[in-house]
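# Notes for the structure review
This is what each chain is made of:
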Amino acid sequence: MPFFSSKPTSFLGIDIGSSSIKMIELGNRNGQAVLKNYAFAEKTSKIESSRTEDIISRSAEIIKKMYKEAGFTSRETVAALHNFDVFTSVINLPETDLADLESIIRVEAHKFVPIPLEDVVLDWKVVGAIGDKHKKAKDKKKAVEKPAPDKKESTKVKSDETKNAKLAGLAPEDLLPKDERGLEVLLTAAPRKLVKKYVEIFKAAELNLLSLETESFSYIRALLPKNDNSPVMVLNVGAVASDIIIVEKQIPVIIRTVDGGGFSITEAIAHNLGISIERAEQFKRDVGIYAPDGTDSNHVIRQLVESAFVPVVNEISYSLELYKTRNQNVEKILLTGGSAYLLHLSDFLKSTFKIPVYIGDPWHRITYAPEMQKVLQEIGPMFTVAVGLALKQIVE
Ligand SMILES: Nc1ncnc2c1ncn2[C@@H]1O[C@H](COP(=O)(O)OP(=O)(O)OP(=O)(O)O)[C@@H](O)[C@H]1O
Ligand SMILES: [Mg+2]
């Protein structure tokens, strides 16, 4: 056993969102995550663009400033790619020799990734393997970056099927029946150009980027207890986008992203009432989306909030229907993202979908000083991705 180990003992999770950057440092105390520091920096009250390249372009300098001012100590960083920038799918493969698996996966990948495979970083993980032959395969994970031989256009991606849906979710025919003799493989493909951009940003911020993962995995790690295998929907309502992730046995089986979040609600109020973004934001926070007691005051604003939220509601309905084709029902919805605190959003979703809705708690695996409980509860939904990212280095 070495007398000295230089293995890092604390990690940064950095979430570059469209409205703000969230940064958290977690320490590893014998496998238990301990909160060491956190900070967030709002960018501007106006969101100029929802393109990731624009969102992250000024990030290095903001991150550098946050790091210094808040007194973070670790430089070991995990960051996230937005769900809408990554293509994710669970594919079923027939029983096959492990030696052939990689080439089969490459051939399969071109069917669902709608951009040339030489332009993406492809990653895969066997998530379901039944039968002795594949027992060893379960934990095998490989990153492959080679182009597939065939660059045929996607036949399975249905990303434009539902208006506003940006991300390729699974269409009913993609949810293949479970084959007990087969393999389930979780495939992700991230645009190479974007990955390069993130690498550059963290280098410029003088941080050591250990890993870049898709947000969905951070939500799962931060919000779901390790032994929770029930079908759950994680609903992230951010500033410009909302993510719908149906998780089964800790695996994201349906991932969809829709344009629409807190900022589109604020914009709708500002536009319709002819008021500033700042005032509209305040109205939104004060009035909310739903009146559980049926009160009629502020009806006009509430109506505007609800209308701006319609694309998200439609996408939730679509995802629930899609999941039902697998003969499964979602048991609960876990709400997260800054807009999770939109007044009465949980009641509204409960009443619309008749499914229990809870605000997810990203701190449930973290040790922190008891006096911090109140403030952490308030900021929790905004910090879910950052917490999940930093946790990755401690619990996996
Ligand atoms: N108390 C509140 N009530 C209503 N909305 C709120 C409240 N607090 C924050 N929000 C909204 O949350 C949004 C920011 O959420 P979040 O930090 O999750 O977004 P982001 O990660 O920056 O954006 P995105 O995920 O879309 O890139 C803003 O639109 C803000 O108006
Ligand atoms: Mg976000």
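Let me begin by describing the structure that accompanies this report. (Residues numbered from 1 in each chain as written. Chains lettered and ligands numbered in written order. Predicted model: local features only at pLDDT ≥ 70, side-chain atom pairs only at ≥ 80, totals over all residues. Heavy atoms only, no water.)

### Comments concerning the sheet that holds strand β3 (residues 32–42)
Inclusion rule: The pairing criterion is simple: DSSP has to find at least two bridges between the two strands. To qualify as a helix, a DSSP run of H or I must reach at least 4 residues; to qualify as a strand, a run of E must reach at least 2; elements of each kind are numbered from the N terminus.
Reading across from one edge, β9-β4-β1-β2-β3-β15 is the order of the 6 strands in this open sheet, with mixed pairing throughout. Every interior strand has two partners, whereas the edge strands, β9 (208–214) and β15 (366–367), have only one. Where strand β2 (residues 20–29) and β3 come together, 10 bridges link them in antiparallel fashion. Bridge pairing in β3 links Met23 to Ala39.

### Description of the site of ligand 1
Our working definition: A molecule or strand has a residue near it when one of that residue's heavy atoms lies within 4 Å. For the purposes of these results, a polar contact is taken to be a pair of N or O atoms within 3.5 Å, where, inside protein, one atom must be able to donate a hydrogen and its partner to accept one; residues adjacent in sequence count only when each atom of the pair is a side-chain atom. In short, Shrake-Rupley with a 1.4 Å probe defines the accessible areas, and a residue's cover is counted only from the protein chains shown. Where each domain starts and ends comes from a domain assignment, either automatic or drawn from a database.
Not every one of the 20 residues close to ligand 1 is listed here, only the nearest: Ser18, Ser19, Lys22, Glu281 and Lys284. At 3.3 Å, a backbone N or O of Ser20 approaches an oxygen atom of ligand 1. Considering ligand 1 on its own, with 660 Å² of exposed area, one finds that the protein chains cover 88% of that surface. Within the residue set of the shell around ligand 1, elements represented by two or more residues are β2, α6 (262–273) and α7 (277–287). It is α7 that provides the largest number of residues to the shell around ligand 1, a total of 3 residues. When residues of the shell around ligand 1 are assigned to domains, at least three fall in each of domain 1 (10–83 + 195–227 + 360–395) and domain 3 (258–357).

### Topic: helix α11 (residues 373–395)
Stated precisely, the cut-off is as follows: An expected span of 1.5 Å times one less than the residue number is assigned to each helix. Across the chain, bend at a residue is computed as the angle between axes fitted to the seven residues ending at that point and the seven starting from it.
Between its terminal C-alpha atoms α11 stretches only 22 Å, short of the 33 Å expected from 23 residues at 1.5 Å a residue. Along α11, the sharpest change in direction is near 75° and occurs at Pro381.

### Section: the packing of α6 against helix α8 (residues 299–308)
Worth spelling out the cut-off: Think of each axis as a best-fit line through the C-alpha atoms, taken over the contacting stretch in the case of a helix, with angles from 0 to 180 degrees between the N-to-C directions. Angles are sorted into four bins: roughly parallel if under 35 degrees, roughly antiparallel if over 145, roughly perpendicular if 65 to 115, and oblique for all others. In this scheme the handedness of a crossing depends on how the near helix is turned from the far one: anticlockwise by less than a right angle means left-handed, clockwise means right-handed. Contacts between residues were defined by any pair of non-hydrogen atoms, one from each residue, lying within 4.5 Å. Polar here means any residue outside two lists: the nonpolar Ala, Val, Leu, Ile, Met, Phe, Trp, Tyr, Cys and Pro, and the charged Asp, Glu, Lys and Arg; Gly therefore counts as polar.
Between α6 and α8, the shortest axis-to-axis distance is 9 Å and the interhelical angle comes to 135°. One way to sum up the angle between α6 and α8 is to call them oblique. With respect to the hand of their crossing, α6 and α8 are arranged in right-handed fashion. Contacts from Ser264, Ile265, Ala268, Ile269, Asn272 and Leu273 of α6 reach α8 at Val300, Ile301, Leu304, Val305 and Ala308. Residue composition of the contact of α6 with α8, by class: 9 nonpolar, 2 polar and no charged.

### Brief notes about the pattern of salt bridges
Let me state the cut-off plainly: Think of a salt bridge as a Lys or Arg side-chain nitrogen and an Asp or Glu carboxyl oxygen that are within 4 Å of each other.
On inspection of all chains with the given rule, the structure shows 16 salt bridges. Connected via shared salt-bridge partners are Glu213, Arg221, Lys392 and Glu396.

### Quick word on the sheet that holds strand β14 (residues 357–359)
On the basis of which strands lie adjacent, the open sheet formed by 5 strands has the order β12-β11-β10-β13-β14 and mixed pairing. Both outer strands of the open sheet, β12 (251–259) and β14, are each paired with one neighbouring strand and no more. Neighbour to neighbour, the strand axes of the sheet diverge by 20° on average, direction disregarded. Sheet analysis places strand β11 (residues 241–248) next to β12, joined by 8 bridges and oriented antiparallel. Pairing of Val247 across the sheet is with Pro252, part of β12.

### Brief notes about the environment of Leu334
For Leu334, the location among the structural elements is in strand β13 (residues 332–336). As a C-alpha pair, Leu334 and Tyr358 span 24 residues in sequence and 5.1 Å in three-dimensional space. Sequence-distant contacts of Leu334, defined by excluding residues within four places in its chain, comprise Leu223, Leu224, Val232, Met233, Val234, Leu235, Tyr358 and Gly360.

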